[in-house]
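A look at the structure
So you can see what is in the structure, the chains are spelled out below.
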Amino acid sequence: MSAPVIDRERTTSPPEPSRRARRPRRVHAGPVETTALAVLPIAWLWSTGTVLGDGWLLPALGAVLTMALVAALARTLMPAFVATGVAALVGVGWITAVSAPDEALLGVIPTPESTRVSMSALGEGVQAIAWALRTPIEAEGAVLAAVVAGAVVLALGVDLLGHAMRLPALAVLLAAAPLLLPIAFRADIPWWHALPGAAASALALAGPAIDERVAIGRGWVAPVALVGVAAALAAAVPLVAPSPRDVALDLPTLEELLRTPTPVLQTDIDLGDELRRPEPRQVFTYSTSDGLPIVTRLMTLPEAGEDGFRQVEAAAGAPDVLVEGADLGVPMQLTVRMSPVRAESLPTPERVAGAAAPEGAHWDDANDALRIEGSVETDGLEFTSSGTRSPELASLVGDASTGHDELTALPERAERFRELGGSLVTAEMGTADRIRAVHAFMTTGTWDYSERLDLPGFAGASGDGWEALEGFLETRSGYCVHYASATGALLRGAGVPARVVVGFLPGDEITGGRSVTTNHMHSWAEAWVDGAGWVRVETTPGAGTGEASPEGDEQTQAPTPTPTETAAPTPTPSATQSAAPTTAPTASASPSAPGVAEPGAAAIDWAVLRPWLIGAAILLLVALPFLVRQAQRAARLRRGAPGGWHELRAALADAGTRLPASATPGEVRAAIGARLGDDAEARSAADRVRLAAERAVFDAGPRERGAVDADVRIVRRALARSQPLWRRALTTALPPSLMRVVLPVEE
């Protein structure tokens, strides 16, 4: 077969512009792409419904659409970058209107005072989301301001990337950032929550093609149908992907990104939310006057509400005996030295009689807690308190429980516990016997300690806390807040005043005292007995008298009980970890306990190593397009001259010139020449690569490796220099030739 004839005239002189080449390339987005980019932020924010609900929708939708409309109008009169700036002013007005309308002019124009209030509200809102006790989070007040501000930032980023910089693929990636929120909370994402974002993303990417086909009178049904299929496939991912709660990998959470290294001690408990234990961090060290360990109290939850036991409104007071009945026992003194933590109350003996409250602390008589103001620095704070230990249930005597009738009440949702508690006792039983009967029910038979449950009303599923607690009684598997809450409810059903306490187990022994970490946080039930006071009723497996250490994490011996750091310099509780203080049934001495190395084994501190691994993974992900592009270039150059010519076409796309796949060598050469301008050396190098490629293909010439590498390098560098520095950096990080997304240029 004879070799094809080369049309030298066609390949050496500028060709007659084709129909596609004559058509001006779009510098601005068309109507379809503009619409898709406008709805993109709200579409992806909709995926946070399991965490944020939908109370934010109207103000966020108003902010995003108003900004998109103003930016579109501004782009008809001014450059796209300036239009994005105008949209930013509108976004600031929306944030001001939501967070500080009273301090602003006309409710939307910022003033120095409104700016201060807005910044404070935004910080408070971010913290409220990061440390939310349950989901969905009520989108109101500071939380609403934070969500609207997030929508404004997303809208600005999408406008900047999609319109000003003409990088719709990056705009789609930025708009999908809200997906990180349900992932951080390990909340399921229903398919209907993912569908709007998937559809808007597919439409934004296909928008330029649809707009172009409409402009030239070609059919647009096929690309729209393709968008629908892509959106349907993307929305199907939540149906087949594993639930975030079932994934063993400990994914980075929102708190890991936003929190300070200081652990937060939350004393509210949520029976309908899932617990994930934080990395252990030291909370305080202590010593006792008698040298014995003791359970410490943080907060009492005296009210059985609609969703479980909870605090009541704080009431300042200074009674003679802080916790009733604390004077009925052997007195002891507790000396505490705090580590850096954020807490609403300080640890005291389980039955505290008196406390030398440090500055900034006061006694809350309604919840039996030594409250501390948020501005007080806890690191190194020392104070003393006195009290007694709870008596053993076996030796407990007392037939009456008077003066606390309000603590036998249960809501209608807890009627099952009233009936079950009543069935465990008889009318002639005294209070002590009733307590022992409930305790026997909660400790007889098989009861498991578990932090991963699948119960009705649990972890964001339909239902409430009492429903989750009923599921706990059926499965007999749960963690300390379930045992404490069920015990307290059954005691009330048995006619005994009861409440739930949040505090700490005794901790681990160190030289001169004991060390208590976040892993020792615990809850238990208390019952009132005349003549004995408040008595601890412990039913959590493994906790017993409180001597068991939850998942142990043995403390390093120190000469004095000072607040030294424990396992990890950076704590990693998830947003719902603090919702339920708990303990595990395993003792610290167990060789199989997590984080405890066997003798002679090399210990790996994963808590320290994990941030480095995450950072390395992020860097690799960011560098992946660049690395793939480098590998692609090397593979092409190994093919000799034809591969070198292909590489020049890719470099031309990276420089911002898009050509159809059917473009002839002459058209490609003309486009390269237009980019290179007066650079004669680069133009000559491009011609040499083209001629070498033609000879290799049409004349069956040799494809020697490296023959054109130097010329390709000269042309590639010249094409890169033809771009502004900022665009060169972007195309290096995310090469358009790799992703088939190019920067259009105006002819």
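Refer to the structure presented above.
All of the points below concern the structure found in this document. These numbers were taken from a predicted model, which means no experiment stands behind them. (Residues numbered from 1 in each chain as written. Predicted model: local features only at pLDDT ≥ 70, side-chain atom pairs only at ≥ 80, totals over all residues. Heavy atoms only, no water.)

**So, the sheet that holds strand β8 (residues 345-346)**
Worth spelling out the cut-off: In this scheme, strands are said to pair when DSSP sees at least two bridges between them. To qualify as a helix, a DSSP run of H or I must reach at least 4 residues; to qualify as a strand, a run of E must reach at least 2; elements of each kind are numbered from the N terminus.
As summarised here, the arrangement of the three strands in space is β8-β12-β11, forming an open sheet in which the pairing is antiparallel. Whereas interior strands pair on both sides, the edge strands pair on one side only; in this sheet they are β8 and β11 (361-364). Taken together, the two bridges between β8 and strand β12 (residues 369-372) define a ladder with antiparallel strand orientation. In the sheet register, S345 faces β12, and the bridge partner there is R371.

**Side note on the side chain of T296**
Filter applied, for reference: The contact criterion used is simple: two residues touch if any of their non-hydrogen atoms lie within 4.5 Å.
Tracing the backbone shows T296 in strand β3 (residues 296-301). When residues no more than four places from it in sequence are discounted, the contact partners of T296 are F284, L334, P347, T348, E350, G503, F504 and W524.

**Let's talk about unusual backbone geometry**
The condition is simple: Only protein chains enter the accessibility calculation, which uses a 1.4 Å probe. A residue is then buried if its area is under 20% of the maximum for its type, exposed if over 50%, and partly exposed in between.
One non-glycine residue with positive phi stands out, namely L106, at about 55°. Structurally, the position occupied by L106 is in the loop between α6 (80-99) and α7 (112-130). On the basis of relative accessible area, L106 is assigned to the exposed category, the value being 80%. Located in the positive-phi region is D368, a residue other than glycine, with phi close to 45°. Note on placement: D368 falls in the loop between β11 and β12.

**Some thoughts on the pattern of salt bridges**
Our working definition: The term salt bridge refers to a pairing of a side-chain nitrogen on Lys or Arg with a carboxyl oxygen on Asp or Glu at a separation within 4 Å.
All chains considered together, the criterion is met by 23 salt bridges. One network of salt bridges, in which partners are shared, links R629, R633, R636, E647 and D654.

**Quick word on the sheet that holds strand β16 (residues 498-504)**
Read from one edge to the other, the open sheet built from five strands follows the order β9-β3-β16-β19-β20, with strand pairing classed as antiparallel. Each end of this open sheet is capped by a strand with a single partner; those strands are β9 (348-349) and β20 (533-537). The pairing of strand β19 (residues 521-529) with β20 spans five bridges and is antiparallel. Bridging across to β20, A527 finds its partner in V535.

**So, the packing of aromatic side chains**
The test is simple: Aromatic contacts are taken between Phe, Tyr and Trp rings whose centres are within 6.5 Å, Trp giving its six-membered ring; a plane angle under 30 degrees counts as stacked, one over 60 as edge-to-face, and the others as tilted.
The final tally for this structure, using the stated rule, is nine aromatic pairs. Seen from their ring centres, F284 and Y286 are 6.0 Å apart, and the 40° between their planes marks the pair as tilted. Take F284: its relative accessible area is 0%, and that puts it in the buried class. In this structure Y286 comes out as buried when scored by relative accessible area, which is 2%. Taken together through their ring pairs, the aromatic side chains of F441, W447, F472 and Y483 make up a single cluster.

**Structural notes on the pairing of strand β13 (residues 382-388)**
Sheet faces and side chains relate simply in a regular strand, where the side chains alternate between the two faces. Two strands pair when backbone bridges link them, and strand β6 (residues 332-338) and β13 are joined in this way by six bridges, in the antiparallel orientation. Pairing of V336 across the sheet is with F383, part of β13. Across four bridges, the pairing between strand β10 (residues 351-355) and β13 is antiparallel. The residue bridging A355 from the neighbouring strand is S385, located in β13.

**Overview of a nonpolar patch on the surface**
What counts here: For patch detection, residues must exceed 30% relative accessible area and be free of salt bridges, and they are connected within 9 Å for like charges or within 5 Å for nonpolar side chains (Val, Leu, Ile, Met, Phe, Trp, Tyr). Residue exposure ignores everything except the shown protein chains as possible cover, and the areas themselves are Shrake-Rupley values with a 1.4 Å probe.
A cluster of nonpolar residues, L105, L106, V108 and I109, forms a patch on the protein surface that exposes about 400 Å² of accessible area. Within the fold, L105 resides in the loop between α6 and α7.

**Focus on helix α17 (residues 465-475)**
For α17, the full list of buried residues reads G465, W466, A468, L469, G471, F472 and L473. Contact partners of the buried residues in α17: β4 (303-305), β5 (308-310), α15 (415-423), α16 (431-443), β15 (477-478) and α18 (480-493). Residue R476 follows α17 closely and has a positive phi angle near 55°.

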